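Residues per chain are reported as follows:
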Amino acid sequence: MSFLQGGGLYGGYGGADILHGCSIGVDKGEVAVVVGPNGAGKSTAMRALFGLLDLREGSVVLDEKDISRLPPQERVTLGMSFVPQNANVFTSMTVEENLEMGAFVRQDDFRPTMDQVFSLFPVLGQKRSQPAGELSGGQRQQVAVGRALMTQPSVLMLDEPTAGVSPIVMDELFDRVIEIAKTGIAILMVEQNARQALEIADRGFVLVQGQNRYTDTGQALLADPEVRRSFLGG
Amino acid sequence: MTDILNALVLLANFVLVPGLTYGSQLALGALGVTMIYAVLRFSNFGHGETMSFGAMITILTTWWLQEKGITFGVLPTALLALPVGIIATVVMCLLFDRVVYRYYRREKANPVTYLIVSVGILFILSGLVRFIIGPQDRVFADGERFIMKARAFKQMTGLDQGLAIKTTQGVTVVTAIVIVALIFWFLNRTRTGKSMRAYSDNEDLALLSGINPAKVVAITWVITGALAAIAGTLYGLDKGYKPFTYLGLVLPIFASAIVGGVGNPLGAIAGGFVVAFSELLLTFAYKRVIAYLTPGDWIPEGLVQLLSTDYKLAVSFVILVIVLLVKPTGIFSGKTL
């Protein structure tokens, strides 16, 4: 049983099920990556773990506690943090205000955490007074990740953080992701750029039609000829 | 030289001072509309009647205070009664939200449904107000009537034209400045204010950040109710209170909010003044100003008025149409706080 573990998940957005019994988990200090073809239910699985859709069956366990029925806000207070794929920053608010909103549930002084985020993403420190909507795509993703880190989460969930950013920015972001994982945070990530993501993954999940097709370490999946042929373009 | 000064004083007396006053009233009203739009995402047509309700409670309290012999010196007693009006209006707004709007929020009703619901509340409120205070005209301004009298100004400056500033006009502008400063301080400097902006900007992300939507909605109604009571009272003080006029007031208020960029508080204020000054400048009779500015004794034959004052309301419509055609997002792009 991992630190965060979703098991036997069934559910969807009201209509037919999208998830058909998939299981996903991640431990502290690890990077887990979910890959798979379009429509495999990668993002849906992630949202299910965060409580953003109703599960018909299956359970979500965080730190040996069943949280399957908790609303997302309560999962935030338990140390889960989620970066959605789209609209993941407050565009009309400054970088600093974005981070402040990330720390909304905290009552203590969050300045040290903000300084940590600024040292992780130095460019944000320079642009702290600029509205997040005026930043480039890569910088926005940094704001989004930074906002999610403000709660000092134990689990950070990223839904396609590199969608629409250049390869250089992607490498840069993945480096930061590894850095964050090293501080003992569990990172669960859905990625389109499967090959690059699996390279940094301690655990990889290949989902197809809402079910686990392959589960292994990132390196093992990359080495598996069948996975390469079917999902990584040879 | 004195001719030019006379012309300027004439314009100040009939356009600038009334424009600033009316603009402040519209700005405060539009601010309330824009807040609801930004956070609850619907056009609240009941806002004019909410203002009327606030003004009514203030008037009733003013009468009660006057009966007790309590006045506010040179200032209108209504200012003392205003806090009661604010509290009553806030309670009323929260009550309507709890009983009516909350249901539609849970149903995830679309904005058109909300709009119709707000029209329903408009009728309930306007009936309630007429039932309690009656449909007549009420003048409840007391205290000193003028800050500056026309005659005193003439004596002071030796000009032919006088500049009169009513106490209610001064009170309106000063109150509006204080309230707007408070609102901006609240939205930009406080944690709660920022959470409102965050919710308005991106509802889903606000939820992911642990911002409690129920609290944001409640605070929005508190602010809107307070703004409505203040705007309604100031308008009534300045122009006399009559329930019917508040129905008509909804139009220039919406025009202000949309012209400025609905959902944007800065836009609401700018829009208020744009609409107010357009109405006044287009319906002002320039005859005497031109007489002063042209050499010799020539006086234009007509009134040199672009529009009859009967068309005042049409001006805000025309501005509205022009803005929607040319720049639908308004002067300041709207939609977020």
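This one's a predicted model, so the numbers in the text were calculated from it and none came from an experiment. (Residues numbered from 1 in each chain as written. Chains lettered and ligands numbered in written order. Predicted model: local features only at pLDDT ≥ 70, side-chain atom pairs only at ≥ 80, totals over all residues.)

Q: Can you help me understand the sheet that holds strand β4 (residues 55–62) of chain A in this one?
A: Strand pairing in a sheet relies on backbone hydrogen bonds. The paired strands run either parallel or antiparallel. Residue and element names in this part refer to chain A. Pairing is antiparallel in the open sheet, where four strands are placed in the order β2-β1-β4-β5. Unpaired on one side and paired on the other, β2 (19–26) and β5 (65–66) mark the two borders of the sheet. Where strand β1 (residues 4–11) meets β2, six bridges bridge the pair, whose relative direction is antiparallel. Each residue of the ladder has a partner; that of G6, found in β2, is I24. (Pairing = 2+ DSSP bridges. Helix = DSSP H or I, 4+ residues; strand = E, 2+ residues; numbered from the N terminus.)

Q: Would you mind showing me how to read the environment of A291 of chain B here?
A: All names here are of chain B. Of note, A291 is situated in helix α12 (residues 287–293). You can call A291 partly exposed: it has 18 C-beta atoms within 10 Å. In this structure the C-alpha to C-alpha distance between A291 and A88, which are 203 residues apart in sequence, comes to 51 Å. (Buried ≥ 20, exposed ≤ 12 C-beta atoms within 10 Å, placed from the backbone.)

Q: Would you take a moment to explain helix α4 (residues 111–133) of chain B for this structure?
A: Since the α-helix packs 3.6 residues into each turn, any two residues three or four apart lie on the same face. An ideal rise of 1.5 Å per residue puts 33 Å on 23 residues; α4 of chain B measures up with 32 Å between its terminal C-alpha atoms. Looking at the buried side of α4 of chain B, the elements it contacts are α2 (47–67), α3 (78–106) and α10 (243–260) of chain B. (Expected span 1.5 Å × (residues − 1). Contact = placed C-beta atoms within 7 Å.)

Q: What's the story with the packing of α10 of chain B against helix α13 (residues 312–326) of chain B in this structure? I'm lost.
A: Pairs of packed helices are described in terms of their axes, by the angle between the two and the distance that separates them. Residues and elements named next belong to chain B. Viewed as axis vectors pointing N to C, α10 and α13 meet at an angle of 30°, and their least axial separation amounts to 9 Å. As the angle between them shows, α10 and α13 are arranged roughly parallel. The two elements α10 and α13 cross, and the hand of that crossing is left-handed. Contacts from G248, L251, P252, A255, I258 and V259 of α10 reach α13 at L313, S316, I319, L320 and V323. Considering only residue class, the contact of α10 with α13 consists of nine nonpolar, two polar and no charged. (Axes fitted to C-alpha atoms, helices over the stretch in contact; angles between N-to-C directions. Parallel < 35°, antiparallel > 145°, perpendicular 65-115°, else oblique. Left-handed = near helix turned anticlockwise from the far one by under 90°. Nonpolar A, V, L, I, M, F, W, Y, C, P; charged D, E, K, R; others polar.)

Q: Which parts of the structure should I look at to understand the interface of chain A and chain B?
A: Frequently, the measure chosen for interface size is the accessible area removed from exposure when the parts meet. Tallying the contact residues gives 18 residues for chain A and 14 residues for chain B. In the side of chain A that touches chain B, the residues fall into 10 nonpolar, six polar and two charged.

Q: Explain the nonpolar core to me, please; I cannot follow it from the model alone.
A: The tendency in soluble globular proteins is for nonpolar side chains to be buried as a group. Formed by 162 residues in total, the largest nonpolar core has its most connected members in A45, M157, I187 and L188 of chain A. Per element, the largest residue contribution to this core is 16 residues, and it comes from helix α1 (residues 2–40) of chain B. Each of domain 1 (1–79 + 171–234) and domain 2 (82–152) of chain A contributes no fewer than three residues to this core. When sequence neighbours within four positions are dropped, the list of residues in contact with A45 of chain A reads L9, L19, C22, I24, V34 and L207 of chain A. (Core = buried A, V, L, I, M, F, W, Y, C linked by C-beta atoms within 7 Å. Domains from an automatic or database assignment.)

Q: Quick question: what am I supposed to make of the pairing of β1 of chain A here?
A: Where a strand is regular, its side chains alternate between the two sheet faces. In this structure, β1 of chain A lies alongside β4 of chain A, joined through six bridges in antiparallel fashion. Note that in β4 of chain A the partner of G6 of chain A across the bridge is V60 of chain A.

Q: Explanation requested: the sheet that holds strand β7 (residues 155–159) of chain A in the structure shown.
A: Residues and elements named next belong to chain A. Within the open sheet, the six strands sit side by side as β6-β7-β8-β3-β9-β10. Their pairing is mixed. At either end of the open sheet lies a strand with only one pairing partner, and these are β6 (80–83) and β10 (211–216). Taken pair by pair, the neighbouring strands of this sheet meet at an average axis angle of 15°, ignoring direction. Across five bridges, the pairing between strand β9 (residues 203–208) and β10 is antiparallel. When the sheet's bridge partners are listed, F205 is paired in β10 with T215. Seen against the sheet, helix α1 (residues 42–50) touches β3 (31–35), β6, β7, β8 (186–190) and β9 and runs at an angle of roughly 150° to β7. Of the strands in this sheet, β3, β7 and β8 touch helix α7 (residues 167–182), which is tilted by about 150° from β8.

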